[in-house]
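Each chain, written out:
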Amino acid sequence: MERGFWKQLVKPIIGLAPMDGVTDAAFRFMSAKYGHPHVVYTEFTAAEGIEAGALRLMRDFRYSELERPVVAQVFGYHPEAFYKAALVAAALGFDGVDINMGCPAKNIAEAGSGAALIRTPDLAKEIVREARRGLEDWGRGVEIADAGLHPAILEYVHTEWARLDGAPVRCVLPLTIKTRIGYDAVAVEEWIKHLLEVEPVAIAIHGRTLKQLYTGLANWDAIGRAVEIARGSGTMILGNGDVSSLAQARERVAQYGVDGVLIGRAAEGNPWVFADHTATREEKLQACIEHSRYFEKISPDQRFLNMRKHLAWYCSGFDGARELRIQLMTTQSADDVEKVIHAWNGKE
Ligand SMILES: Cc1cc2nc3c(=O)[nH]c(=O)nc-3n(C[C@H](O)[C@H](O)[C@H](O)COP(=O)(O)O)c2cc1C
């Protein structure tokens, strides 16, 4: 089992959970700068899309050095696509690859991807093996031009290498899985045993079934059961679901014996959650500006609209937050954000 950076992390591991539409490179940069989570994951990226040469997906694979260790998360249903996606992630210098077996979204699950893989454990295991083959091929020095990648993706990787002054060091990256506790009922017992057969370094488990989506409470007893099943296997279990603070994460670790915790929604507008810091109003306003500027820099091809939800999340918990939030919802650029905030501050 290739452990890579995971073996250097001090437990309990506290990481930023992947969130599509939220944990893009700009958000992860802010989290890394102000919270220092031990590990961050990209938003999930379609393996079949990478296979088909969908260049726009390479946006999801942007990151900055500050984020390291940064794990590329991939979803899909076609094992061969995972071979290619894992190879591309390694060639782009990620620190690890994670396979999404937890997404409950209808279009994803109906295609047999995400949490639907809980119902097809043989396919899930085949996917892991193929992703690992991609990582091993990269590690042993395969020519990426001979790996059957789509020409557009191959060209993108070469352009990145030129920008970065060369290819990343060849090594076999660690492979992890993120999943749920079951499909329509808790199935930790059988499901985790299946996953352990393919020896992921870590399994992050969100304590809900696919059917639950995000309703009800995360079932941490089921996560605790997964810890027992995985004991002695060498695979770490990271618990996930409804953790709102570092103190609560530590409680979960103490109570359920998980090796770590991933925090998702509690980090929205709150990169400080990983540092156990309660941000002041000034820090939140400053973060609105810095996040917006960084977003524009790293994602010039993205609409500023994608930034607005982050601004809304930062703007809470202080007097006048609602009024400022409304004003920020009309901004079209980082300059706009700065102007609105300065004008609002001036009124105080
Ligand atoms: C908006 C949103 C997008 C998400 N996207 C992903 C994703 O791309 N990959 C993934 O594995 N989980 C995804 N999740 C699930 C989260 O990683 C996490 O498991 C879930 O939010 C529970 O953790 P929390 O209570 O700390 O938020 C997403 C969750 C949300 C709310």
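Keep in mind that what you see is a predicted model, and the values were worked out from it rather than measured. (Residues numbered from 1 in each chain as written. Predicted model: local features only at pLDDT ≥ 70, side-chain atom pairs only at ≥ 80, totals over all residues. Heavy atoms only, no water.)

Moving on, we get to unusual backbone geometry. The residue after Lys11, namely Pro12, is reached through a cis peptide bond having omega 0 degrees. Tracing the backbone shows Pro12 in the segment before β1 (13-16). The linkage connecting Arg68 with the following residue, Pro69, adopts the cis geometry, with an omega of 0 degrees. With respect to the secondary-structure elements, Pro69 resides in the loop between α2 (47-52) and β4 (70-75). In this structure, Asp165 takes a positive phi of about 65 degrees despite not being glycine. By secondary structure assignment, the location of Asp165 is in the loop between α6 (151-163) and β6 (175-182). A residue is classified by how much of its surface remains accessible, and Asp165, at 75% relative accessible area, is exposed. Positive phi, normally seen in glycine, also occurs at Leu213, with a value near 50 degrees. (Helix = DSSP H or I, 4+ residues; strand = E, 2+ residues; numbered from the N terminus. Buried < 20%, exposed > 50% of the residue type's maximum accessible area, 1.4 Å probe, protein only.)

Here the focus is the nonpolar core. Buried together is how nonpolar side chains tend to be arranged in soluble globular proteins. Phe61, Met101, Ile192 and Val261 are the most contacted members of the largest nonpolar core, which has 90 residues in total. Ranked by the residues each element gives to this core, the list is headed by helix α3 (residues 79-91), at 10 residues. Once residues lying within four places of it in the same chain are set aside, the contact partners of Phe61 are Thr42, Thr45, Ile50, Ala72, Gln73, Val74, Ala89, Leu92 and Phe94. (Core = buried A, V, L, I, M, F, W, Y, C linked by side-chain atoms within 4.5 Å. Contact = heavy atoms within 4.5 Å.)

Near the ligand there are 16 residues, and of these Pro18, Asp20, Asn240, Asp242 and Arg265 occur at the shortest range. Between the ligand and Gly264 there is a distance of 2.8 Å, counted from an oxygen atom to a backbone nitrogen or oxygen. One of the side-chain N or O atoms of Arg265 is found 2.7 Å from an oxygen atom in the ligand. The protein chains hide 87% of the 610 Å² of surface that the ligand would expose on its own. (Near = heavy atom within 4 Å. Polar contact = N/O pair within 3.5 Å; in protein donor to acceptor, adjacent residues only side chain to side chain. Areas by Shrake-Rupley, 256 points an atom, 1.4 Å probe, with all protein chains shown as cover.)

UniProt's feature table lists "binding site: FMN" (unreviewed entry) at Gln73, Lys178, His206, Gly264 and Arg265, given in the numbering used throughout. With respect to the secondary-structure elements, Lys178 resides in strand β6. Residue contacts for Lys178: discarding those within four places in its chain leaves Pro18, Gln73, Asp98, Ile99, Asn100, Met101, Gly102, Ala204, Asn240 and Leu262. Here His206 shows up in strand β7 (residues 202-209). According to the relative accessible area criterion, His206 is buried, its value standing at 6%. Beyond its immediate stretch of four places on either side in the chain, His206 contacts Thr179, Arg180, Ile181, Leu213, Tyr214, Asn240 and Gly241. (UniProt positions renumbered as here; feature names shortened; annotations may be inferred.)

As a further point, take the domain arrangement of the chain. Domain assignment breaks the chain into domain 1 (8-275) and domain 2 (281-347). Between the C-alpha centres of domain 1 and domain 2 the distance comes to 29 Å. Listed by partner, the interface residues are 17 residues for domain 1 and 15 residues for domain 2. Overall, the association of domain 1 and domain 2 removes approximately 1500 Å² of surface from exposure, summing both partners, and the carbon and sulfur fraction of that is 61%. The largest per-residue losses of area from domain 1 upon contact with domain 2 belong to Met30, Arg62 and Trp272, which jointly make up 32% of the total buried on that side. Linking domain 1 to domain 2 there are three salt bridges. Across the salt bridge formed by Arg59 and Asp301, the nearest N and O atoms sit 3.6 Å from each other. The tally of links between domain 1 and domain 2 comes to six residue pairs in polar contact (both at pLDDT 80 or more). Per-class residue counts for the side of domain 1 that touches domain 2 are nine nonpolar, three polar and five charged. (Domains from an automatic or database assignment. Buried area = accessible area lost by both parts, 1.4 Å probe. Salt bridge = Lys/Arg side-chain N within 4 Å of Asp/Glu carboxyl O. Nonpolar A, V, L, I, M, F, W, Y, C, P; charged D, E, K, R; others polar.)

A side chain with one charge may pair with a side chain of the opposite charge, provided their charged atoms come close. Tallied over the entire structure, the rule returns 24 salt bridges. The salt bridge partner of Arg28 is Glu67, with a shortest N-O separation of 2.5 Å. Of this pair, Arg28 sits in helix α1 (residues 25-34) while Glu67 sits in the loop between α2 and β4, placing them 39 residues apart in sequence. Exposure class is identical for Arg28 and Glu67. Each is buried. Each of Arg59, Arg62 and Asp301 takes part in one network of salt bridges that share partners.

This brings us to the packing of aromatic side chains. Per the stated rule, a full pass over the model turns up 11 aromatic pairs. For the pair Trp272 and Tyr314, a centre-to-centre distance of 6.2 Å together with 70 degrees between the ring planes defines the contact as edge-to-face. Taken as a pair, Trp272 in the loop between β9 (260-263) and α10 (281-298) and Tyr314 in helix α11 (residues 305-314) lie far apart in primary sequence, 42 residues in all. For Trp272, a relative accessible area of 4% corresponds to the buried category. Overall, Tyr314 belongs to the buried group, its relative accessible area being 1%. Centroid distance Phe295 to Phe304: 6.2 Å. Interplanar angle 75 degrees. Geometry classified as edge-to-face. (Phe/Tyr/Trp six-rings, centres within 6.5 Å; stacked < 30°, edge-to-face > 60°.)

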